Amino acid sequence: MGKVVFENVGKTYDNGFNAVKDINIEMFDKKFTVIVGPSGCGKTTTLRMIAGLEEVTAGKIYIDDKVVNNISPKDRNIAMVFQNYALYPHMTVYENMAFGLKLRKYPKQQIVDRVKSAAEILGITYLLDKKPKTLSGGQRQRVAVGRAIVRKPNVFLFDEPLSNLDAKLRVQMRTEIQKLHNKLKTTMIYVTHDQMEAMTMGDQIVIMNDGEIVQVADPITMYNNPKNKFVADFIGSPSMNFMNGRIIKKGTDLFFVNDGGVQLQLFKHHMDKLESYIDKEIIFGFRPEHVDDKIFVPDAKVNTIMKATVDVIEPMGSEIYIYFKTKSNSFIGKLNPKVQLKLGDIVEIVIDMEMVHFFDKETEETIV
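Residues numbered from 1 in each chain as written. Predicted model: local features only at pLDDT ≥ 70, side-chain atom pairs only at ≥ 80, totals over all residues. Heavy atoms only, no water.

1. Looking at the pattern of salt bridges
Here comes step 1: Under the criterion given, the structure shown has 11 salt bridges.
Here comes step 2: A salt bridge links aspartate 75 to lysine 74; the shortest N-O distance between them is 3.5 Å.
Here comes step 3: Across the pair lysine 334 and glutamate 319 runs a salt bridge, and its minimum N-O distance is 3.9 Å. Here the residue lysine 334 occupies a position in strand β18 (residues 330-335), and glutamate 319 occupies one in the loop between β16 (305-315) and β17 (320-325), the gap between them amounting to 15 residues.
Here comes step 4: When its relative accessible area of 24% is taken as the criterion, glutamate 319 is described as partly exposed.
Here comes step 5: Where salt bridges share partners, they join Lys11, Arg48 and Glu54 into one cluster. (Salt bridge = Lys/Arg side-chain N within 4 Å of Asp/Glu carboxyl O. Helix = DSSP H or I, 4+ residues; strand = E, 2+ residues; numbered from the N terminus. Buried < 20%, exposed > 50% of the residue type's maximum accessible area, 1.4 Å probe, protein only.)

2. Considerations on the side chain of arginine 151
Here comes step 1: Checked against the element boundaries, arginine 151 lands in the loop between α4 (137-149) and β7 (155-159).
Here comes step 2: Buried charge without a salt bridge: arginine 151, with aspartate 75 as the nearest opposite-charge side chain at an N-O distance of 8.3 Å.
Here comes step 3: Looking at arginine 151, its side chain comes within polar contact range of the main-chain oxygen of isoleucine 78, at 2.9 Å.
Here comes step 4: Apart from the residues lying within four places of it in its own chain, the contact partners of arginine 151 are Ile78, Ala79, Leu101, Arg104 and Arg114. (Lys, Arg positive; Asp, Glu negative; His and termini not counted. Polar contact = N/O pair within 3.5 Å; in protein donor to acceptor, adjacent residues only side chain to side chain. Contact = heavy atoms within 4.5 Å.)

3. Details of the sheet that holds β7
Here comes step 1: On the basis of which strands lie adjacent, the open sheet formed by six strands has the order β6-β7-β8-β3-β9-β10 and mixed pairing. The open sheet has two edge strands, β6 (78-81) and β10 (212-217), and neither has a second partner. Neighbour-to-neighbour, the strand axes of this sheet turn through a mean angle of 20°, independent of strand direction.
Here comes step 2: Pairing geometry for β6 and β7, over four bridges, is parallel. (Pairing = 2+ DSSP bridges. Axes fitted to C-alpha atoms, helices over the stretch in contact; angles between N-to-C directions.)

4. Remarks on the packing of aromatic side chains
Here comes step 1: According to the stated counting rule, one finds 11 aromatic pairs in the structure shown.
Here comes step 2: A centroid spacing of 5.5 Å and a plane angle of 70° characterise the contact between phenylalanine 286 and phenylalanine 331, whose relative ring orientation is edge-to-face. In this pair, phenylalanine 286 is assigned in strand β14 (residues 281-286) and phenylalanine 331 in strand β18, connecting sequence segments 45 residues apart. Judged on exposure class, the residue phenylalanine 286 and its partner phenylalanine 331 are both buried.
Here comes step 3: Put simply, the rings of Phe256, Phe284, Phe286, Phe324, Phe331 and Phe358 pair up and form one aromatic cluster.
Here comes step 4: Taking the ring centre of tyrosine 13 as reference, the NZ or CZ of lysine 11 above it sits at 4.8 Å. (Phe/Tyr/Trp six-rings, centres within 6.5 Å; stacked < 30°, edge-to-face > 60°. Lys NZ or Arg CZ within 6 Å of the ring centre and 35° of its normal.)

These values are about where atoms sit, not about what they do.
The following block contains the structure:
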């Protein structure tokens, strides 16, 4: 068992800084939970409170239905993998992995068996006699993970473990950690500022901002149904496009319009929620992947199209990022790489109105 529960948990430092504010959440047993958010949002503090490395100043933390606020880190049956690996440079890989077990006075043969088993799982058996200084970043990270595995903890904690690796190795290690979770079937709680890591790794994503939990959901729900503009902006790469404007009614139909000449007809399933916003300011959102050149959508309805000028072109191989300008806005689209556009072209851009989002101008909460 490895369920972790926060009950009205807060953390305030001696200088009065309120790093974590009254959070409530259940991180499920054997699931992979990712805590994600911008720098300074409180995610690492939250992880360190689970580990017992930060004191809880309000509320209770439960691990397996047991309050652990006053239990020392070594007695919580957790293992933590740090950003900087924290390996002992004078010890071999084997000695680094075995060190925690020796401190706990495990029998020698049990230590040997556990270290060898963890090394086989991670594919680092051939490194056991080497010192950390001779290893690559990815190898060091595997050793740090192996040191955690030998403990056989109820909960694994990861504090931005891939941030020191290059892009290619991050993708590789991301996959390895997912495989490890599938193999070990243990609760894993992973902190990152990288929304791509969160979306690809997590069973459950926890988005934090300014010390508070903003939304908790699985990746697909988080992407399709963001709670507010902050989540919509944070999840997805490139980020969601936003336009300020208002809702107007023409006959029985509703339209989003703005001062730049944009006029987009809303789908029927949007209308019920937006009736109360007629003639009011709102924020209109659409993702770069829900944009296309009219040349690829010849049957597009005229009220899903807006004219824009090509401002920047970024070829990405399998797709092309194009930054557009209208009279009052700029936005980005992820288009088919076969599109033939050049800087300064004026094009007709089709918005997939089935997939758009609307946010209250004052609260920035999702309307539809």
